[in-house]
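Examination of the molecular architecture
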Amino acid sequence: MLATATIADEILDLKKQRRAILLAHHYQESEIQELADVIGDSLELARKARDFSGEVIAFCGVWFMAETAKVLNPHRMVVVPDRGAGCSLVDSCPVEPIREFRRRNPDHVIVSYINTSIEVKAESDILCTSRNAVKIVNSIPREKPVLFLPDINLGNYVKKETGRENMQIWPGACIVHATFPARRLAESRLEHPAALVAAHPECPETVLAMADFIGSTSAILEWCSASDAEEFIVMTESGIRHSLVRQAPRKRFYFVANENCNCSECPYMKLNTLEKLRDCLFRLEPRVELAAETMRRALVPLERMLAVK
Ligand code: 13P
Ligand code: SF4
């Protein structure tokens, strides 16, 4: 659906007035993606937030992504359309048990997926995203024991890919990807026998076992666009369809419904709307405000991740 002209125009005007950049994750509604300066996965958006030179970042994604942008831009304003746009992975990993783990296991390297709270990031040694998780774990000396948090499916995938034995994994899960049933993927393959399967590593092992390609949202986009195949079953949030169709208009993409909502949408991502985006640019609220000391501590593992090429 195209953005209604009035709200889209208001957003573009406000963007100019505020000297703002609009960053949008692939899981946002199409009408938001159409107005964005940058559309990307969590790693690309973190890099863009770092390179930004304006005054306001309007972050259309979920809260932990906006917090990451703020840590990289402590003197700039970061606003979000809806403060309620959280993430089940963040909720699955409170900071107290991580501090306790740190006290009891000072020898462990804590590798935190970027889908964590700012407080958990501040307790971590290095961060990763779904795009660079294997590379980040491989960058840690093999003899060092690792705690990987908070996604159990991504953790198991990384453990398998790196062949790392001394790696504990936190039992958190994404309510969208972890509930994609392998049974429905199998049915979809019967329906579309020529289709290749691309899956996000937050999916269950049974789904990943059927995938022709496993990667982050942007990696899936690049792989589907470059492939000679014409049809794909895409095991991630369906907001990515917007960029897939834009980059590969002649190809066909199928999505599989998960057990939670019988759809493939992230309920947190979908809280953001054009109206809320306009309002946040106008009011400059909800705004990300974080304690300076927590930001300073969270910046260390974030910079370590960004330094890994
Ligand atoms: P990406 O790293 O692929 O952007 O994933 C973020 C996310 O929240 C996946 O559900
Ligand atoms: Fe979090 Fe899953 Fe939504 Fe991504 S799709 S923001 S991991 S709940």
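Whatever comes next refers back to the structure up there.
Residues numbered from 1 in each chain as written. Chains lettered and ligands numbered in written order. Predicted model: local features only at pLDDT ≥ 70, side-chain atom pairs only at ≥ 80, totals over all residues. Heavy atoms only, no water.

Structural notes on the site of ligand 1
Put simply, the rule reads: Put simply, a residue is near a molecule or strand once any heavy atom of it comes within 4 Å of that molecule or strand. N or O atoms closer than or at 3.5 Å make up a polar contact, with two conditions inside protein: a donor-capable atom paired with an acceptor-capable one, and, for residues adjacent in sequence, both atoms drawn from side chains. Throughout this entry, Asp, Glu, Lys and Arg are counted as charged residues, while Ala, Val, Leu, Ile, Met, Phe, Trp, Tyr, Cys and Pro are counted as nonpolar. The remaining residues, Gly among them, count as polar.
Around ligand 1, the neighbouring residues are His25, Tyr27, Asp41, Ser42, Tyr113, Asn115, Ser130, His177, His200, Glu202, Ser216 and Thr217. Separating an oxygen atom of ligand 1 from a side-chain N or O atom of asparagine 115 is a distance of 3.1 Å. A distance of 2.8 Å separates an oxygen atom of ligand 1 from a polar atom in the side chain of serine 130. Partitioned by chemical class, the residues of the shell around ligand 1 number two nonpolar, eight polar and two charged.

Description of the sheet that holds strand β4 (residues 77-79)
The test is simple: In this description, strands pair whenever DSSP reports at least two bridges between them. Secondary structure elements are defined from DSSP: runs of H or I of at least 4 residues count as helices, runs of E of at least 2 residues count as strands, and each element is numbered from the N terminus. Note on geometry: axes are C-alpha line fits, over the in-contact stretch for helices, and angles between N-to-C directions span 0 to 180 degrees. Contacts are assigned to residue pairs with any non-hydrogen atoms lying within 4.5 Å of each other.
Strand order across the open sheet formed by four strands is β2-β1-β3-β4, with parallel pairing between neighbours. Among the strands making up the open sheet, the edge pair consists of β2 (38-40) and β4. When the angles between neighbouring strand axes are averaged without regard to direction, this sheet yields 20°. Pairing between strand β1 (residues 20-25) and strand β3 (residues 56-60): five bridges, direction parallel. Looking at β3, one finds that alanine 24 is bridged to cysteine 60. Across the sheet, helix α3 (residues 42-51) touches β1, β2 and β3, and the angle it forms with β2 is around 145°. Across the sheet, helix α14 (residues 274-283) is in contact with β1, β3 and β4; its angle to β3 comes to roughly 160°.

Observations regarding α3
What counts here: Think of it in three bands: residues with accessible area under 20% of the maximum for their type are buried, residues over 50% are exposed, and the middle band is partly exposed, with areas taken using a 1.4 Å probe on protein chains only. The arc in question is formed by the directions pointing from the helix axis toward the C-beta atoms.
Every buried residue belonging to α3 is among Ser42, Leu43, Leu45, Ala46 and Ala49, and all of these are buried. Along α3, the residues classed as buried sweep out an arc of 165° about the axis, all on the same side. Here the buried face of α3 lies against β1, β2, β3, α4 (63-72) and α15 (292-307).

Details of the state of the cysteines
Spelled out, the test is: Two cysteine sulfurs form a disulfide in these notes if their separation is within 2.5 Å.
Tallied over the entire structure, the rule returns one disulfide. At a sulfur-sulfur separation of 2.3 Å, the disulfide partner of cysteine 261 is cysteine 263. Of note, the bridge from cysteine 261 to cysteine 263 carries an S-S torsion of about -95° and is left-handed in sense. Overall, the relative accessible area of 24% leaves cysteine 263 in the partly exposed class. No disulfide involves cysteine 280; its nearest neighbouring cysteine sulfur is the one of cysteine 60, lying 6.6 Å away.

Overview of the sheet that holds strand β6 (residues 126-128)
Here four strands make up an open sheet; going across it, the order is β6-β5-β7-β8 and the pairing parallel. A strand with exactly one partner marks an edge of an open sheet, and here the two such strands are β6 and β8 (167-169). On average, each strand axis in the sheet is tilted by 25° relative to the strand beside it, whichever way the strands run. Helix α6 (residues 95-104) rests against β5 (109-113), β7 (146-149) and β8 of the sheet, and its axis sits at about 160° to β5.

Notes on the pattern of salt bridges
We apply this condition: Between Lys or Arg on one side and Asp or Glu on the other, a salt bridge is scored when a side-chain nitrogen of the former is within 4 Å of a carboxyl oxygen of the latter.
All chains considered together, the criterion is met by 19 salt bridges. When the shortest N-O distance is used, the salt bridge between glutamate 55 and arginine 19 registers 3.0 Å. Here arginine 19 lies in the loop between α1 (5-17) and β1 and glutamate 55 lies in the loop between α3 and β3, a separation of 36 residues in the sequence. With a closest N to O distance of 3.8 Å, glutamate 259 and arginine 184 form a salt bridge. In this pair, glutamate 259 is assigned in the loop between β12 (252-255) and α14 and arginine 184 in helix α10 (residues 182-191), connecting sequence segments 75 residues apart.

Describing the packing of α4 against α15
Here is the rule we go by: Roughly parallel covers angles under 35 degrees, roughly antiparallel covers those over 145, roughly perpendicular covers 65 to 115, and oblique covers all other angles.
Running from amino to carboxyl end, α4 crosses α15 at an angle of 95°, the nearest separation of the two axes being 9 Å. In terms of orientation, α4 and α15 fall into the roughly perpendicular class. Facing α4, whose interface residues are Thr68, Lys70, Val71 and Leu72, α15 presents Met295, Ala298, Leu299, Leu302 and Leu306.

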